[in-house]
Amino acid sequence: MSPLWRDQIHVFFAPERVDLVRVPRRLSGLKQPEQVPKTTMLCQRDTDQSISESPLHQLEQMVQDAAGAEMMITLSNHFVRYTTLPPQAEISAPDEVYAYAAFRMREIYGTRVDEWILSVSAWDPIKGAICAAINRDLLTRFEEMAVRCRIKLKGLEPYLASTFDNWKQLLDAPRTCFALVETGRICIALLASGVWQSIRNQKILHAVEDELLAALDQEAILSGYKEPVEQVYLFAPEHPGLVLPQDCGWEIVPIQTVQLPVLAHYPSAIVDQGEMKECIV
């Protein structure tokens, strides 16, 4: 079946929520499809289970009637590990790039890498790339679900990669600090002239404002460079009121604009956790 004749399902998959937008096939081929409903379901984790178990069960319930559809999943940064791949002029072949990525990952995460699937962004010997990893078992569970529900799994995309690709024209500066904040996690990326310098992906244990500021300051120290006031491009749809203290040395620049709106399946702030309904986005 041609993708133009399939329903398109876009999913945001996180430990505590699943957001799903289903674009009917009559709208899939349109450049600007009509507004479609988004379904958001909250998930309660059993402490004896992995953080993926509850949302996996919830997602399968949500796509039971979607046979024949094509599904793309955006993965919360809770499920992804990252590393930068600094430029290496002598590396060019795909197998060399993968070996380099595996080496960098193993340096940071040790033998856990053996249980992961690695994915590398477009490699440039002059600008390098980034590597993202997810648990191999999680990918298998998605594939098995797709078979049971007779859905075509188009792919998985890390939240950081998805947001960066959507707003990369705003993030193309000589020096860029990009912060992605979701429920329970902060991800900060530093780039210089298009070269990935560092990626920090950490849990939020206390007040999100305090942890964001501390993480930004730590990244500035590690980079060895900071202007008196630095700009940080921020994407935090689950924290619409997020601000930093005045005179803290950082100026927030929101990245969502009228020209580049938030993708329909991205998570948003939950007003009433007791009653989730379909909402038009």
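Residues numbered from 1 in each chain as written. Predicted model: local features only at pLDDT ≥ 70, side-chain atom pairs only at ≥ 80, totals over all residues. Heavy atoms only, no water.

Examining the state of the cysteines
- Applying the stated criterion across every chain yields a total of zero disulfides.
- Cys149 carries a free sulfur, and the closest cysteine sulfur to it, the one in Cys43, is 15 Å from it.
- Take Cys248: it sits in no disulfide, and the sulfur closest to it among the cysteines is that of Cys177, at 12 Å.
- Judged by relative accessible area, which is 17%, Cys248 ranks as buried. (Disulfide = S-S within 2.5 Å. Buried < 20%, exposed > 50% of the residue type's maximum accessible area, 1.4 Å probe, protein only.)

Some points on the side chain of Ser76
- Looking at the secondary structure, you find Ser76 in the loop between strand E4 (70-75) and strand E5 (81-85).
- On the basis of relative accessible area, Ser76 is assigned to the buried category, the value being 0%.
- Those residues in contact with Ser76 that lie beyond four places of it in its chain are Phe12, Phe13, Ala14, Pro15, Tyr159 and Glu182. (Helix = DSSP H or I, 4+ residues; strand = E, 2+ residues; numbered from the N terminus. Contact = heavy atoms within 4.5 Å.)

Points about the sheet that holds strand E12 (residues 230-235)
- Here five strands make up an open sheet; going across it, the order is E11-E10-E9-E12-E13 and the pairing mixed. For this open sheet the edge positions go to strand E11 (195-203) and strand E13 (250-254), each flanked by a neighbour on one side alone. Taken pair by pair, the neighbouring strands of this sheet meet at an average axis angle of 25 degrees, ignoring direction.
- Here eight bridges tie strand E9 (residues 175-182) to strand E10 (residues 185-192), and the two strands are oriented antiparallel to one another. Residue pairing across strands places Thr176 opposite Leu191, the latter belonging to E10. (Pairing = 2+ DSSP bridges. Axes fitted to C-alpha atoms, helices over the stretch in contact; angles between N-to-C directions.)

A word on the sheet that holds strand E7 (residues 129-135)
- Ordered in space as E5-E7-E6, the three strands form an open sheet in which the pairing is antiparallel. Edge strands, defined here as strands with exactly one partner in the open sheet, are E5 and strand E6 (116-120). In this sheet, adjacent strand axes meet at a mean angle of 25 degrees when their direction is disregarded.
- Note: E6 against E7, five bridges, orientation antiparallel. Residue Leu118 lies in a different strand from E7, and its bridge partner there is Ala133.

Topic: the side chain of Thr83
- One can find Thr83 in strand E5.
- Those residues in contact with Thr83 that lie beyond four places of it in its chain are Arg104, Met105, Ile108, Ile130 and Cys131.

What to know about the confidence of the model for the chain
- When pLDDT is averaged across the chain, the result is 90; 90% of the residues are at 70 or more.
- Element-level mean pLDDT values for the chain span from 39 in strand E14 (residues 279-280) up to 98 in helix H4 (residues 136-149). (pLDDT = per-residue confidence, 0-100.)

Side note on the environment of Lys203
- Turning to its location among the elements, Lys203 is positioned in strand E11.
- Note on Lys203: relative accessible area 55%, which makes it exposed.
- Between the C-alpha atom of Lys203 and that of Trp123, which follows or precedes it by 80 residues, the distance is 28 Å.
- Apart from the residues lying within four places of it in its own chain, the contact partners of Lys203 are Gly184, Arg185 and Glu211.

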